[in-house]
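Architecture at a glance
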Amino acid sequence: MTLISDLYHSHWIVTFLVFFPGLAGLLCLFIPARRVKRVAFYAALIEFLVSAPLFWTFTIGDTSFQNFVSIPWVPDWGIAYSVGVDGISLLLILLTTFLLPISVLVSWEQINEKEPAYYAMLLLLGTGMLGVFVALDLFLFYVFWEVTLIPMYFLIGVWGHNRRIYAAVKFFLYTAFGSLLMLVALLVLFWLHLDQFGVPSFAYADLLRVSVPVALRYWLFLGFALAFAIKVPLFPFHTWLPDAHVEAPTAGSVLLAAVLLKMGVYGFLRFAIPLFPEVALDQRVILVMLVLCLLGIIYTAWVAAVQPNIKKLIAYTSVAHLGFIVLGIFAMTGASVTGGIIQMVNHGLSTGTLFILAGLLYQRRHTYEISDYGGLAKVVPLFCAALVVTALASIGLPGLNGFVGEFLILLGAFQKYPWMTLLSATGVIFAAYYLLPMIRRVVWNALDKPENEKLIDLTRLELAVVVPLLLLMVLMGVYPKPFLDRIAPSAEALAEQIYSARQLRHDPVEGRLVLRDAPSGRERR
Amino acid sequence: MQIDFSNQLHYFWALLPETVLIVCALLLLVVDGFWKGRKGPGRAVGSLSLVALALAAAANYWLLGVAEVGTTGAVAIDSYRIFTNFIFLGAAALTVLISFDYVAREGIDLGEYYILLLFCVVGMMLLAASRDLILIFLGFELMSFAAYVLTAFKRDDPKSSEAGLKYFLLGAFSSAFLVYGMALIFGAGGTTNLGVLREILVAGDISPMLAGGIVLLTIGFAFKVSAVPFHVWTPDAYEGAPTPFTAFMATAIKAGAFAAFIRIFVIAFGDLHIYWERSIWWLAVLTMIVPNLIALVQDDIKRLLAYSSIAHAGYLLVALISANESGMASFLFYLVAYTVMTIGAFAIVLVIAGKNDRLQRIRDYSGLGWTHPWPAAMLALFLVSLAGLPPTGGFIGKFYILRASIEAGYPNLAVILAFATLVSYWYYLRVIVSMYMRTAESPLPRLEWSGSLRTAVAICALITVFLGLLPSWPLLKAQQSVEGLVRVTERVSDSFGVVAQR
């Protein structure tokens, strides 16, 4: 047992989790089409089973990075393979590994052509996503960030629906736009570190110590924030998302909503805010961010309410939910950040399940139009039960997981921005306003379409996909303590760190630290 | 061994790689003339030219152990030259490997093809080696004459002849600019030796004659490296030339011109940086933006790659303008990455084009990813690398150039480069979309690609991935190669005295 426990406290477990899916994905390319999904499923299952014990071996209350390692990669540039897990990333990692086998199972019946390449892309995407969540070197982070792009691009573009190419290219270009500017900002930051400390380094811990000149601060923050805001997506940058979601195959939508969007929030939380605490705590910046979140919550709620297409509706609900999460992050209190993180997981579960259920409907009827359905409760009761529970979780009904996160976000944010929080709380009402009519029109109403009368209820395979998700939703709603225990210390430490970073630099008594704010010695051209 | 340029005989040793190559090329001309085999000399001469390149590479390797003493001569012996020589020789070898299929298919299987290629390489090596304006001009002419002939090598194809003529006229035109600029600089400085020039031309003391010389020289170089707005010949010449030679033009010839460009501007005019940086800045900006926009609407993949190669010249100009140590090192690193990915991409293009280069439109690539997975995957890899996405050599190279430009105080150039890259994603993706996301109209026949071509593609792919995953060692080498460049100036003061006495 000690061997295993040692393993789970070393970096090897993280390294395995990051690279195993990618390698398995490459292997998939060379496996005959009829056997490949089995191999992919086993690979994804192994991945999940290996990752699961992390939940228990994680030391609660320790806010430093666990399973940490830093191995030089390009020493001349101070680039290292450096990874680690803390309370912020732990649950996102587990969410990703949990969804991997599920997305393989979802694709089981739906993907019937070019399977080897499909599963290869799916698993490669897994490597990229996990890498983003564990990377503690900004170069490494950037590499993984970009690595997620190509598999997703192929998943949408090759196995998507009618307008798939448009959606895929739009997805790619929007995301790449943000990340290229982030790259430039990152290099400026790197250069500042080189200037101030004399050693090249991309390590997260090192770059945190850089004091950025006031003139550059806002630009650099903008470079990072734009990349993350597009990925999240925040309100005016969200237009790629509905297209990508509608056109993507089900598994693509699931991973996109559940994990890829979280990479944006995670980026804010891990990089944009801690690297530039002065900017992130600037009241004007916070105001802008909160207003964007608010607009996202309310505007997209209204847009979602009139969508005739189930998938598009769910996509818009994503934007609204993500607005909530970012609101929690920028309110920057321990509770709101904790809420934001747990809400990321919740949203991943509930929206992922909604997309799966929509995909199952599509598989049976080949349409996403809400008006093509009606009265399904009589034909497919199991399916409808799952849909209703998931929708309620997404709305935030107490007893299901969505409530916990939203409550914490509102609670935390209210202490600091009561009016904003009050306004955004209307979003909870709107959530009911757009999701319940959809449920009514799909599940209840009259069963007036003859095509709908012969629908098949959930098969055993589909139950195997949906039931674990539903169980987790209920568990996290009823007993969120183990999850919150793991998140809260890190979240509170982060909030603390941000405030102290600002306070120390502005405190005239602490002469040493004020010096760090002074312009650096070397003349800039 | 030590080389002292006051002893004229030592020039032979200093120019050993060039000498080896030119002797081999002349011998091959003789072999070609007296060939008695049944199948024509083409293939044999091609294989022998690979041997010649290997010999030159060995001589080049030997140069590593050679040290320079005393005054500076017309020839540099530094690791910058050795590094670029390896790039030229490697590019030439890859070009020979991908040429075998093409020349046989297009009926131009003549020995002269490979021999001219060797002469071309000698010209480039002179360019990289020269520390003297005259020698630079000589190198340019040697390289260009071979290139004009090779561009028009498909004699029966009007496009090829047209391309050759255009290239020749504009090339001659730009050479005139170049030589006139050199003459003016000689007039202003009184010497053609770059190291000595640097001592004489101190900043703040710039005469109209010198300014005119620099301007004309810049224009000449802009033509040679096809920087916007002096690039109009490039797409036509690239489109008409035999495809393997297009790959060579886009990589090695551009690299050769850049090697001399850097030697002149960073070494001789290093102290005058403030005078020329503005004009090069604009050249770089235009060269990054314009071709990327034009490439968006190209339907012919050869033209698309031609515009992409112009855009890449823009990225290299950013490295040049940075003019600091990491700028030069990033230039060398990017050159390696750019060479392998471009030659690889052209190799796949020439395979797919088929007899008479019929299939070159992006539409012809529809569904290629599923009918011919290997070539498509390779092409996708090279395009992704050209676009600069990790984990490929193209990404690390671009990253390095960005870093250099920020270090040199040009964050605006870095941002423009980022935007240009974003635009370029679109057209690289177009090819990938066509290959993987559209279905074939008429499926391609079985592709014919011989072992040599496959080897070349495999080498290119391996280097592309290697540079992306383990860039440490090549980065170190690039950095070390640049150190010599800067050190040159330290020794110049000795020779300065010698010249002054004359």
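Residues numbered from 1 in each chain as written. Chains lettered and ligands numbered in written order. Predicted model: local features only at pLDDT ≥ 70, side-chain atom pairs only at ≥ 80, totals over all residues. Heavy atoms only, no water.

Let us now look at the interface of chain A and chain B. In this assembly, 37 residues from chain A lie in contact with 38 residues from chain B. A buried area of about 3,600 Å², summed over both sides, lies between chain A and chain B, and 80% of it is on carbon and sulfur atoms. Where chain A packs against chain B, one counts 0 salt bridges. Connecting chain A to chain B are 2 residue pairs in polar contact (both at pLDDT 80 or more). Counting only elements with at least two residues in the side of chain A that touches chain B, the list comes to strand 1 (66-74), helix 7 (138-147), helix 8 (149-159) and helix 9 (164-197) of chain A. When residues in the side of chain A that touches chain B are grouped by element, the largest group, 16 residues, is from helix 9 of chain A. Here the residues of the side of chain A that touches chain B sort into 31 nonpolar, 1 polar and 5 charged. (Contact = heavy atoms within 4.5 Å. Buried area = accessible area lost by both parts, 1.4 Å probe. Salt bridge = Lys/Arg side-chain N within 4 Å of Asp/Glu carboxyl O. Polar contact = N/O pair within 3.5 Å; in protein donor to acceptor, adjacent residues only side chain to side chain. Helix = DSSP H or I, 4+ residues; strand = E, 2+ residues; numbered from the N terminus. Nonpolar A, V, L, I, M, F, W, Y, C, P; charged D, E, K, R; others polar.)

Now for the packing of aromatic side chains. In the structure shown here, the tally under the stated rule is 72 aromatic pairs over all chains. Ring centres of A:Trp77 and B:Tyr400 lie 4.6 Å apart, and the angle between their planes is 65°; on these two criteria the pair is classed as edge-to-face. Remark: B:Tyr400 occurs in helix 17 (residues 393-407) and A:Trp77 occurs in the loop between strand 1 and strand 2 (79-85); the pair is interchain, linking two chains. Consider the rings of B:Trp13 and B:Trp62, whose centres lie 5.8 Å apart with planes at 50°: the pair is tilted. Of this pair, B:Trp13 sits in helix 1 (residues 10-14) while B:Trp62 sits in helix 3 (residues 42-63), placing them 49 residues apart in sequence. Through successive ring pairs, a cluster of aromatic residues spans A:Phe65, A:Phe141, A:Trp145, A:Tyr204, A:Phe221, A:Phe224, A:Phe228, A:Phe268, A:Phe271, A:Phe276 and A:Phe330. Of note, A:Arg209 hangs over the ring of A:Phe197, and the distance from its end group to the ring centre comes to 4.7 Å. Cation over ring: A:Lys231 sits above A:Trp145, and NZ or CZ is 5.2 Å from the ring centre. (Phe/Tyr/Trp six-rings, centres within 6.5 Å; stacked < 30°, edge-to-face > 60°. Lys NZ or Arg CZ within 6 Å of the ring centre and 35° of its normal.)

By rolling a water-sized probe across the atoms, one finds the places where empty space is left. Residue and element names in this part refer to chain B. Within the structure shown, the criterion is met by 6 cavities of 30 Å³ or more. Around the largest cavity, the lining is made up of 13 residues, and of these Tyr167, Gly171, Phe223, Lys224 and Trp233 lie nearest the centre. Those elements that place two or more of their residues in the lining of the largest cavity are helix 6 (133-151), helix 7 (158-189), helix 9 (208-224) and helix 11 (243-268). Of the residues in the lining of the largest cavity, the class split is 9 nonpolar, 3 polar and 1 charged. (1 Å grid on protein atoms, 1.4 Å probe; cavity = no way out; pocket = protein on both sides within 12 Å on 5 of 7 lines; lining within 4 Å. Points joined across faces, edges and corners; volume = space filled by probe spheres on them.)

Turning to the pairing of strand 1 of chain A, a few remarks are in order. Residues and elements named next belong to chain A. Looking at chain direction, strand 1 and strand 2 are connected through 6 bridges and run antiparallel. Looking at the pairing, Pro72 lines up with Ala80 of strand 2. Connecting strand 1 to the next strand, strand 2, in antiparallel fashion are 4 residues, including Gly78 with a positive phi near 70°. (Pairing = 2+ DSSP bridges.)

This brings us to unusual backbone geometry. With an omega of -10°, the peptide bond between A:Val232 and A:Pro233 qualifies as cis. Secondary-structure assignment places A:Pro233 in the loop between helix 11 (214-231) and helix 12 (240-247). Note that the residue after B:Val228, namely B:Pro229, is joined by a cis bond; omega there is 5°. Here B:Pro229 lies in the loop between helix 9 and helix 10 (233-240). At A:Asn67, a residue that is not glycine, the phi angle is positive and equals roughly 50°. On the secondary structure map, A:Asn67 appears in strand 1. A:Asn67 gets classed as buried once you look at its relative accessible area, which sits at 7%. (Buried < 20%, exposed > 50% of the residue type's maximum accessible area, 1.4 Å probe, protein only.)

Turning to the confidence of the model for chain A, a few remarks are in order. Scored by pLDDT, chain A comes out at a mean of 88, with 95% of its residues at no less than 70. Contacts of residues 506-525 of chain A to residues separated by more than four positions or lying in other chains number 21 contacts, the stretch itself having pLDDT below 50. (pLDDT = per-residue confidence, 0-100.)

This brings us to the packing of helix 7 of chain A against helix 17 of chain B. In the contact formed by helix 7 of chain A and helix 17 of chain B, the axes pass within 13 Å of each other and the chain directions differ by 135°. The angle between helix 7 of chain A and helix 17 of chain B falls in the class oblique. In terms of crossing hand, the pair formed by helix 7 of chain A and helix 17 of chain B is right-handed. Of the residues in helix 17 of chain B, those in contact with A:Phe139, A:Tyr142 and A:Val143 of helix 7 of chain A are B:Phe395, B:Ile396 and B:Phe399. Residues that form the contact of helix 7 of chain A with helix 17 of chain B fall into these classes: 6 nonpolar, no polar and no charged. (Axes fitted to C-alpha atoms, helices over the stretch in contact; angles between N-to-C directions. Parallel < 35°, antiparallel > 145°, perpendicular 65-115°, else oblique. Left-handed = near helix turned anticlockwise from the far one by under 90°.)

The element strand 2 of chain A is extensively covered by neighbouring structure, given that 7 of its 7 residues are classed as buried. Here strand 2 of chain A shows no split at all, with A:Ile79, A:Tyr81, A:Val83 and A:Val85 on one side and A:Ala80, A:Ser82 and A:Gly84 on the other all buried.

All names here are of chain B. When its volume is computed, the second largest pocket comes out at roughly 720 Å³. Together, 25 residues line the second largest pocket, and Phe83, Phe86, Ile87, Val336 and Trp473 are the ones closest to its centre. Classifying every residue of the lining of the second largest pocket by side-chain character gives 19 nonpolar, 5 polar and 1 charged.

Moving on, we get to helix 21 (residues 418-443) of chain A. All names here are of chain A. For helix 21, which comprises 26 residues, the first-to-last C-alpha distance of 38 Å matches the rise-based estimate of 38 Å (1.5 Å per residue) to within 8%. For helix 21, the set of buried residues is Met420, Thr421, Ser424, Gly427, Phe430, Ala431, Tyr434, Leu435, Met438, Ile439, Val442 and Val443. Looking at the packing, one finds that the buried side of helix 21 touches helix 15 (283-305), helix 16 (310-331), helix 17 (334-365), helix 18 (376-379), helix 19 (381-395) and helix 20 (401-414). (Expected span 1.5 Å × (residues − 1).)

Applying the stated criterion to the full structure yields 22 salt bridges over all chains. The salt bridge partner of A:Arg364 is A:Glu462, with a shortest N-O separation of 2.7 Å. Of this pair, A:Arg364 sits in helix 17 while A:Glu462 sits in helix 22 (residues 460-478), and the two are 98 residues apart along the sequence. Given the relative accessible area of 8%, A:Glu462 is considered buried. In this structure, B:Arg361 and B:Asp364 form a salt bridge, with 3.0 Å as the shortest nitrogen-oxygen distance. One connected set of salt bridges, linked through shared partners, spans B:Lys159, B:Glu162, B:Lys166, B:Asp236, B:Glu239 and B:Arg303.

Our focus in this paragraph is the confidence of the model for chain B. Residues and elements named next belong to chain B. Here chain B averages 88 in pLDDT, while 95% of its residues score no lower than 70. Segment residues 490-502: pLDDT under 50, and 18 contacts once partners within four positions in sequence are set aside and those in other chains are kept. In the predicted complex, the global pTM is 0.91; the interface-specific ipTM is 0.90.

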